[in-house]
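Topology and contacts: notes
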Amino acid sequence: MKKQKEILERLDQLLLDRGWSEYRLAKECGLSESTIANIYRRNSVPSIATLEAICRGFGISMAQFFSENEMVELTPQTKELFERWISLTPEQKKAVLDIMRLLGSR
C-alpha cells in the first residue's frame with residue numbers, strides 16, 4: 001500500500017532530521033518502544049491516536065506530518081495549545097474558536 005510506505009518514509013525522515021532513534025521517539029511521544037518497533041516490523045500504518053502521539057512527540061501537527069512543503073516547528077506555546085486542544089470536547093473547541101475569532105477581529 002502506497003500510504004503505508006509514505007508514512008514510514010516520513011517517520012524515517014523525521015527521525016533522521018532530528019538524529020533520533022526509535023527509542024528516543026518512543027520516549028518523546030509517551031509510547032512504548034514496542035509500539036514504535038511494531039510499526040516498522042509489521043510495516044503497518046499507525047492508528048490515528050498513535051500518529052497523533054508521534055506528532056506531539058515531534059512537536060508538529062498532523063497537517064505538518066502529511067505536508068509536502070517546508071515544515072515549521074511549533075513553539076512551546078503552540079505545542080501546549082495543540083496538546084490542550086486534543087482533550088477538549090467538541091463544544092469546548094467551538095467555544096475556544098469563537099473566543100479566538102472575537103480576539104482576532106480587534
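For the structure itself, consult the block above.
Every value quoted in this text rests on a predicted model; they were computed, and no experiment measured them. (Residues numbered from 1 in each chain as written. Predicted model: local features only at pLDDT ≥ 70, side-chain atom pairs only at ≥ 80, totals over all residues. Heavy atoms only, no water.)

The final tally for this structure, using the stated rule, is five salt bridges. When the shortest N-O distance is used, the salt bridge between Arg24 and Glu28 registers 2.9 Å. Of this pair, Arg24 and Glu28 are both found in helix α2 (residues 22-29), four residues apart, which corresponds to roughly one turn of the helix. Of the residues examined, Arg24 reaches a relative accessible area of 37% and is grouped as partly exposed. With its nearest N and O atoms 3.4 Å apart, the salt bridge here joins Arg101 to Asp98. (Salt bridge = Lys/Arg side-chain N within 4 Å of Asp/Glu carboxyl O. Helix = DSSP H or I, 4+ residues; strand = E, 2+ residues; numbered from the N terminus. Buried < 20%, exposed > 50% of the residue type's maximum accessible area, 1.4 Å probe, protein only.)

Following the criterion strictly, the structure yields zero disulfides and no others. Looking at the unpaired Cys29, the closest cysteine sulfur is the one in Cys55, lying at 9.5 Å. For Cys29, a relative accessible area of 11% translates into the label buried. (Disulfide = S-S within 2.5 Å.)

Let's shift gears to the side chain of Arg10. Residue position: Arg10 is located in helix α1 (residues 2-18). Despite being buried, Arg10 has no salt bridge partner; Asp17 is the closest side chain of opposite charge, sitting 5.3 Å away. Within the structure, Arg10 has its side chain in polar contact with the backbone oxygen of Phe65 (distance 2.7 Å). (Lys, Arg positive; Asp, Glu negative; His and termini not counted. Polar contact = N/O pair within 3.5 Å; in protein donor to acceptor, adjacent residues only side chain to side chain.)

What follows is about the packing of α2 against helix α4 (residues 48-58). Two elements in contact, α2 and α4, have axes whose closest approach is 8 Å; the angle formed by their N-to-C orientations is 95 degrees. When the axes of α2 and α4 are compared, the pair comes out roughly perpendicular. Where α2 approaches α4, its residues Leu25, Glu28 and Cys29 are matched on the opposing element by Ala53, Ile54, Gly57 and Phe58. Tallied by class, the residues present in the contact of α2 with α4 amount to five nonpolar, one polar and one charged. (Axes fitted to C-alpha atoms, helices over the stretch in contact; angles between N-to-C directions. Parallel < 35°, antiparallel > 145°, perpendicular 65-115°, else oblique. Contact = heavy atoms within 4.5 Å. Nonpolar A, V, L, I, M, F, W, Y, C, P; charged D, E, K, R; others polar.)

Without other data, these values stay purely geometric and don't point to any function.
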